[in-house]
Number of protein chains: 2
Amino acid sequence: MPTTDYRTRFRIAPGTRVRLRDHDPGYKDRHRSKKEAAPEIERYARRLRELQYLLYAEGRRSLLIVLQALDAGGKDGTIRHVLGYMNPQGCRVHAFKVPTPEEAAHDFLWRVHQAAPRIGEAAIFNRSHYEDVLVTRVHGLVSKSECKARYAHINAFERLLADRATVILKFFLHISAEEQLRRFRKRLDDPKRWWKLSEADFEERRYWDAYQEAYEDALSRCSTEHAPWFVIPADHKWFRNLAVSRIVVETLEALDMSFPPPKVDIEALRARWRELAGKERES
Amino acid sequence: MPTTDYRTRFRIAPGTRVRLRDHDPGYKDRHRSKKEAAPEIERYARRLRELQYLLYAEGRRSLLIVLQALDAGGKDGTIRHVLGYMNPQGCRVHAFKVPTPEEAAHDFLWRVHQAAPRIGEAAIFNRSHYEDVLVTRVHGLVSKSECKARYAHINAFERLLADRATVILKFFLHISAEEQLRRFRKRLDDPKRWWKLSEADFEERRYWDAYQEAYEDALSRCSTEHAPWFVIPADHKWFRNLAVSRIVVETLEALDMSFPPPKVDIEALRARWRELAGKERES
C-alpha cells in the first residue's frame, strides 16, 4: 500500500539514481477528474495560506520553493494557481532569465544568493541555479566535469541556507513529450498567447533526451535531506497543483509552528483600551 | 447625480484642499451589505488579475500602488484580500519600516526609488515615502517647512516615475476613531493576534488629530494628475476592498492595453509543429 504522504511519495530519496521514465507524468493518484479533486485542491490551497501566515508570524524560518521544468511544463501555471494563494506580503517570486552582464561577471550562485528568502518569508524560484547544470550542459557550455563541481557547489550553498533555517523544496514538473506537443499546439491556437511564442521553445525540443539526462543527473546528485527534489506528475495541471501545494503543506505542518508569545502585557493593554474608550465616551 | 466612476469620485482633485471630516469613513455607496456586494467584489478582483496579466504581457508600463493608513486602517487586509488576487509573478509588495542605518544614511527617497516597479510589473507599497511627512512630522522630527520641501521632492520623484510610464495610485484608507478602537478591541480578544500587539499602536492614538492634519496636508499637496491620492471609506472592510480594486481596474482599463504582436511567424511555427508531430508519430 503506497503511503498517503506526498512528501515521501514524490521525493527523490537522497543517494538514489533517478530514472525519469519510471515516473509516470500522467499519474493522478485515486482522483478521477479535476472536478472530483477540487475540494481537496481548495483545502490545501487554504491551508497553505494559513501556514504561510504562521511562518511569517513566527519569524524563525524561511521557505524556498524551486520550480524547474521543460518548456510548457507548467512553472507559470503552478505559481499562478497554487502559490497565488499565498499572501504577496512575505512571498516573492524570482524569475531567473538569461544572466545580465553583471550577473555573468560573477559565479553562478551570486545572483541566486541575493534572492534567498529573508527570515519569515517565502521565495519562489521560477527557474533557478539548476539552469546552470541543465541548459548550459545540454548546449555544451559547461563540461560534464564542470557540472560535477557545480553539483557540489549547489549542495554546499543549499546547506548554508538550510543551516539558517531555510526550508527548501525543489519541484521538477514532469511532463511527457506528447503533452508538451499538445501544449505547444494550444499556444498556437490562442492569439492571446502569440506574443510569448518564440522559435527557440520549439527548437529546444530537439534536445529532449539530453534534457531528460541532465535532469536525471541533477536530481540524483542534488536531492538531499535538507533540500530534497520532488518529481511531480505534471501532465494533468490540476494534479500538479494539488501535489505541489500538498507537499508544501505537509512540510510546513511537520514544523509544528506556533504563534510567538505576546511582546506586551495583554491585561495592561486591555486596561489602556478601557481608558481610551472611556475618553471617547466623554468627548 | 454622483458619477459611477470611482476613480473620479474618491480622487482628491489636484490643487484642492482636503478636509477629512468631509469624507465619511462609513460610506458604502448603494450596497447594503458585504453579502450583497460580493458578486461585484469578485468581478473586480477577477478583472484585476486579467488586467495585471495584460500589463505584464504588454511590457510598456508599470503600476505603483501606495497604501497609507493609521494603525488598524486595513493596509494588510487590503493587500491580502484585493491585491492577493494578483499573480505574485510581476507583483511585489514592499513594506517600509523604520529605516535601517544604511537607509537612514541617505535621503528619504533613496530606499523608495530602489523599490520602484520595473516595466510590466506592479509594486505595492505598504507604507511609503509619505511616512516621512507623516509620522516624522507628528513627532516633531521634521519641521513644517522641511515638510514643505519634502512635498516638492515627492512630487518631483513621482513625476520622474510617471514619465517612465509608471501608473501611480495612492490610497489613504480612511477610518473613524471609533472603528480604530473597535479593531484594537478585536485584536485584544484574539490570541492569534497577540504576537503583533505593541503598546506603541495604542499610544499613537493620542496623536489622532495631529495625524489627521498631517494627512490633510500631504493629500492636499501631493495629489497630482500623474499621481493622484484617493480617500477610501474604510470602516467597512468589504467596501474598502471593493473601492480599491475598482479604482485600479478603472485606471488600467482606461489605458486600453493590448497584447503585443507575435515576435514570430505563426504560420511558419505551425508548419514546424506539424513536422514535430509527424516525427512523433513515426517513432
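The coordinates are above.
To start, this report covers the structure provided alongside it.

Let's shift gears to the sheet that holds strand β5 (residues 229-233) of chain B. All names here are of chain B. Strand order in the open sheet made by the five strands is β2-β3-β1-β4-β5, with parallel pairing throughout. Looking at which strands have only one partner, the edges of the open sheet turn out to be β2 (91-95) and β5. Taken over all neighbouring pairs, the strand axes of this sheet differ in orientation by 20° on average, direction set aside. Looking at chain direction, strand β1 (residues 62-69) and strand β3 (residues 122-126) are connected through five bridges and run parallel. Its bridge partner being in β3, leucine 67 is matched across the sheet by asparagine 126.

Turning to the interface of chain A and chain B, a few remarks are in order. Listed by partner, the interface residues are 51 residues for chain A and 51 residues for chain B. Carbon and sulfur atoms make up 60% of the area that chain A and chain B hide from each other, which totals about 5000 Å². Taken as a group, Gln89, Trp195 and Trp273 of chain A account for 16% of the area that chain A buries against chain B, more than any other trio of residues on that side. Our enumeration of links across chain A and chain B arrives at two salt bridges. Among the ionic pairs, arginine 272 of chain A bridges to glutamate 203 of chain B, the shortest N-O distance being 2.6 Å. The tally of links from chain A across to chain B stands at 14 residue pairs in polar contact (both at pLDDT 80 or more). Put simply, the parts of the chain that give the side of chain A that touches chain B at least two residues each are α2 (34-58), α3 (75-81), β2 (91-95), α8 (177-189), α9 (199-204) and α12 (266-282) of chain A. Tallied by class, residues from the side of chain A that touches chain B come to 26 nonpolar, six polar and 19 charged.

Even without being a glycine, alanine 165 of chain A presents a positive backbone phi close to 60°. If you trace the backbone, alanine 165 of chain A turns up in the loop between α7 (144-163) and β4 (166-174). Taking relative accessible area as the criterion, alanine 165 of chain A reaches 27% and is therefore assigned partly exposed. The phi dihedral of arginine 127 of chain B is positive, around 65°, even though this residue is not glycine. Within the secondary structure layout, arginine 127 of chain B lies in the loop between β3 and α6 (135-138).

Right, let's talk about the relation of the copies chain A and chain B for a bit. Of the two same-sequence chains, chain A is brought onto chain B (RMSD 0.0 Å, axial shift 0.0 Å) by a rotation of 180°. Here the transformation between the copies is reduced to the relation of a two-fold axis. Closest approach to the rotation axis among the C-alpha atoms of chain A is made by proline 88 of chain A, whose C-alpha sits 3.0 Å away. A share of 100% of interface residues in chain A that are also interface residues in chain B marks the association as one of identical surfaces.

Attention now goes to the side chain of aspartate 71 of chain A. Residues and elements named next belong to chain A. Its place among the elements puts aspartate 71 in the loop between β1 (62-69) and α3. Here aspartate 71 falls in the buried class, since its relative accessible area comes to 18%. Residues contacting aspartate 71, with those up to four places away along its chain left out, are Arg127, Ile175, Gln180, Phe184, Asp201 and Glu204.

All names here are of chain A. For helix α11 (residues 237-254), spanning 18 residues, the distance from its first C-alpha to its last is 26 Å, which sits close to the expected 26 Å at 1.5 Å a residue. Burial runs high along α11: 15 of the 18 residues are buried. Backbone geometry just after α11 places aspartate 256 at a positive phi near 55°.

This paragraph deals with the pairing of strand β5 (residues 229-233) of chain A. All names here are of chain A. The element β5 is extensively covered by neighbouring structure, given that five of its five residues are classed as buried. Alternating residues of β5 divide into Trp229, Val231 and Pro233 and Phe230 and Ile232, and every residue in both groups is buried. Summarising the sheet, β4 and β5 pair through five bridges and their orientation is parallel. Bridge pairing links histidine 174 to proline 233 in β5.

This part is about the packing of helix α7 (residues 144-163) of chain B against helix α10 (residues 208-222) of chain B. Residues and elements named next belong to chain B. Here α7 crosses α10 at 40°, and the two axes come no closer than 10 Å. Between α7 and α10, the angle falls in the class oblique. In this structure, α7 crosses over α10, and the sense of that crossing is right-handed. Facing α7, whose interface residues are Lys144, Lys148, Tyr151, Ile154, Asn155 and Glu158, α10 presents Glu213, Ala214, Asp217, Ala218, Arg221 and Cys222.

Procedures and definitions
- Residues numbered from 1 in each chain as written.
- Chains lettered and ligands numbered in written order.
- Predicted model: local features only at pLDDT ≥ 70, side-chain atom pairs only at ≥ 80, totals over all residues.
- Heavy atoms only, no water.
- Pairing = 2+ DSSP bridges.
- Helix = DSSP H or I, 4+ residues; strand = E, 2+ residues; numbered from the N terminus.
- Axes fitted to C-alpha atoms, helices over the stretch in contact; angles between N-to-C directions.
- Contact = heavy atoms within 4.5 Å.
- Buried area = accessible area lost by both parts, 1.4 Å probe.
- Salt bridge = Lys/Arg side-chain N within 4 Å of Asp/Glu carboxyl O.
- Polar contact = N/O pair within 3.5 Å; in protein donor to acceptor, adjacent residues only side chain to side chain.
- Nonpolar A, V, L, I, M, F, W, Y, C, P; charged D, E, K, R; others polar.
- Buried < 20%, exposed > 50% of the residue type's maximum accessible area, 1.4 Å probe, protein only.
- Least-squares fit on C-alpha atoms with pLDDT ≥ 70 in both.
- Expected span 1.5 Å × (residues − 1).
- Parallel < 35°, antiparallel > 145°, perpendicular 65-115°, else oblique.
- Left-handed = near helix turned anticlockwise from the far one by under 90°.

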